[in-house]
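One-letter residues, chain by chain:
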Amino acid sequence: MLNPVWLKSLVAIVQTGSFQSAARALGLAQPTVSQHLQKLEEQVGVTLVQRSRSGCQPTTRALAFMPHATALLDMHARALEALHGNSERVGASSNIGTYLLQPFVRSYLTTANERGEVDLRIAANPDVADQLLAGQLDAAIMEWWLPHPDFEHRLWRVEPLVLIVSPDHPLAEAGCIERDRLVDLPMLGGEPGSGTGRLLTEYFGELGVPRSGMQLGSTEAVKQAVRAGLGVSLVMASAVQDEVRSGALVALPIPGLEKRLQLIWRKPPGNLHPPGFVRHLLEEADLAG
């Protein structure tokens, strides 16, 4: 096992560029930092830092090792947090974390008698999945999830997709829009990796997926582009509630097109319960059902 104290000294040396600066950043004496590095180099059997009168430089092997060193330190910190901390790490896909989850975090923190804090981390769906698999999250709410034997998952919410158009668009008075008419509309694209593409492939089937226009990277960017009259797009209904209420956008229902949002958590050992926030979401889902 690599000593995390030694790893921390290596990372500080590489990041600050000198033993003296590393010692200052770590609150240690410079000879102590030098000793840590020496012991680490002896353990791994390679030179990690080249010393000279003009300073020090990480070796090629040290630079290749750095991502692993920082990952090990991060895992070490998370392990200690699991023992002594009182915070649940919850990941959420961007749209879920932005438009849907906040009220549930608030209700959990204000009504639960326990308990601790929720460390909410919002990211793109693939990044949330990677963090969950790497043990960086205790649970996640995602737009799509591929089943994994180490995790439990459950349908959390069914969220309809709507077509958003500007108020002066020819379709603004349509009321709703059917699949056959929708397929001919060029769409503005939002965040990649959200699972919308595979959902549309299943929904449209032999008709083919609507043509894609600009890829704008986020739902907020899509909404602004639609408001500006640059096109139309498909988004979760909850993402445009404020704009529809104010009249800035028109949302057209699409029969049968919806996302099935998933709640995922690592299987607890034995008969232990899932994390508290997961239980809160499950209870809320049961009440809503």
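Just so we're clear, the structure is a prediction, and the values are computed from it rather than from any experiment.

Membership of the largest hydrophobic core comes to 41 residues, with the highest contact counts inside it found for L101, W156, L163, L182 and F277. Broken down by secondary-structure element, the contributors of at least two residues to this core are β3 (87-93), α6 (102-111), β5 (139-142), β6 (151-165), α9 (196-204), β9 (233-236), β10 (250-266) and α12 (276-288). No other element matches the 7 residues that β10 contributes to this core. Counting residues in each nonpolar core, the second largest holds 21 residues, with L7, A12, A23 and L48 among its members.

Side chains of residues three or four places apart in an α-helix project in the same direction, reflecting 3.6 residues per turn. An ideal rise of 1.5 Å per residue puts 18 Å on 13 residues; helix α1 (residues 4-16) measures up with 18 Å between its terminal C-alpha atoms. Along α1, the residues that are buried comprise W6, L7, S9, L10, V11, A12, I13 and V14. Put simply, N3 is the residue that caps the front of α1, since its side-chain oxygen is 2.8 Å from the backbone nitrogen of V5. Just past α1, the residue G17 takes up positive phi, approximately 90°.

As for its placement among the helices and strands, S107 is situated in helix α6. One polar contact links the side chain of S107 to the main-chain carbonyl oxygen of F104, over a distance of 3.0 Å. A distance of 2.8 Å separates the side chain of S107 from the side chain of H280, its partner in a polar contact.

Packing of α1 against helix α3 (residues 30-44) leaves a shortest axis separation of 8 Å and a crossing angle of 110°. Judged on the interaxial angle alone, α3 and α1 are roughly perpendicular. For the pair formed by α1 and α3, the contact residues are V5, W6, L7, S9, L10 and I13 on the first element and V33, H36, L37, K39, L40 and Q43 on the second. A breakdown of the residues in the contact of α1 with α3 according to their chemical character gives 8 nonpolar, 3 polar and 1 charged.

This part takes up the UniProt feature "domain: HTH lysR-type" (unreviewed entry) in the protein chain. The feature "domain: HTH lysR-type" (unreviewed entry), as given by UniProt, occupies residues 2-59 in the numbering adopted here. Helix makes up 62% of residues 2-59 and strand makes up 14%, while its end C-alpha atoms are separated by 19 Å.

All right, on to the pattern of salt bridges then. Scanning the entire structure with this criterion turns up 9 salt bridges. One salt bridge in this structure joins K223 and E220, with 2.8 Å as the shortest N-O distance. You can see K223 and its partner E220 sitting in helix α10 (residues 219-227), 3 residues apart, about one turn around the helix. Taken together, the shared-partner salt bridges connect E220, K223 and E243 into one network.

This next bit is on the sheet that holds strand β4 (residues 117-123). Backbone hydrogen bonds are what pair the strands of a sheet, in a parallel or an antiparallel way. Judged by pairing direction, the sheet is mixed, and its 6 strands sit side by side in the order β4-β3-β5-β10-β6-β9 without closing on themselves. Each edge of the open sheet is held by one strand with a lone partner, namely β4 and β9. Averaged over neighbouring strand pairs, the angle between their axes works out to 25° when direction is ignored. As paired elements, β6 and β9 share 4 bridges and run antiparallel to each other. From the neighbouring strand, V162 faces β9, where its bridge partner is V235.

What counts as what
- Residues numbered from 1 in each chain as written.
- Predicted model: local features only at pLDDT ≥ 70, side-chain atom pairs only at ≥ 80, totals over all residues.
- Heavy atoms only, no water.
- Core = buried A, V, L, I, M, F, W, Y, C linked by side-chain atoms within 4.5 Å.
- Buried < 20%, exposed > 50% of the residue type's maximum accessible area, 1.4 Å probe, protein only.
- Helix = DSSP H or I, 4+ residues; strand = E, 2+ residues; numbered from the N terminus.
- Expected span 1.5 Å × (residues − 1).
- Polar contact = N/O pair within 3.5 Å; in protein donor to acceptor, adjacent residues only side chain to side chain.
- Axes fitted to C-alpha atoms, helices over the stretch in contact; angles between N-to-C directions.
- Parallel < 35°, antiparallel > 145°, perpendicular 65-115°, else oblique.
- Contact = heavy atoms within 4.5 Å.
- Nonpolar A, V, L, I, M, F, W, Y, C, P; charged D, E, K, R; others polar.
- UniProt positions renumbered as here; feature names shortened; annotations may be inferred.
- Salt bridge = Lys/Arg side-chain N within 4 Å of Asp/Glu carboxyl O.
- Pairing = 2+ DSSP bridges.

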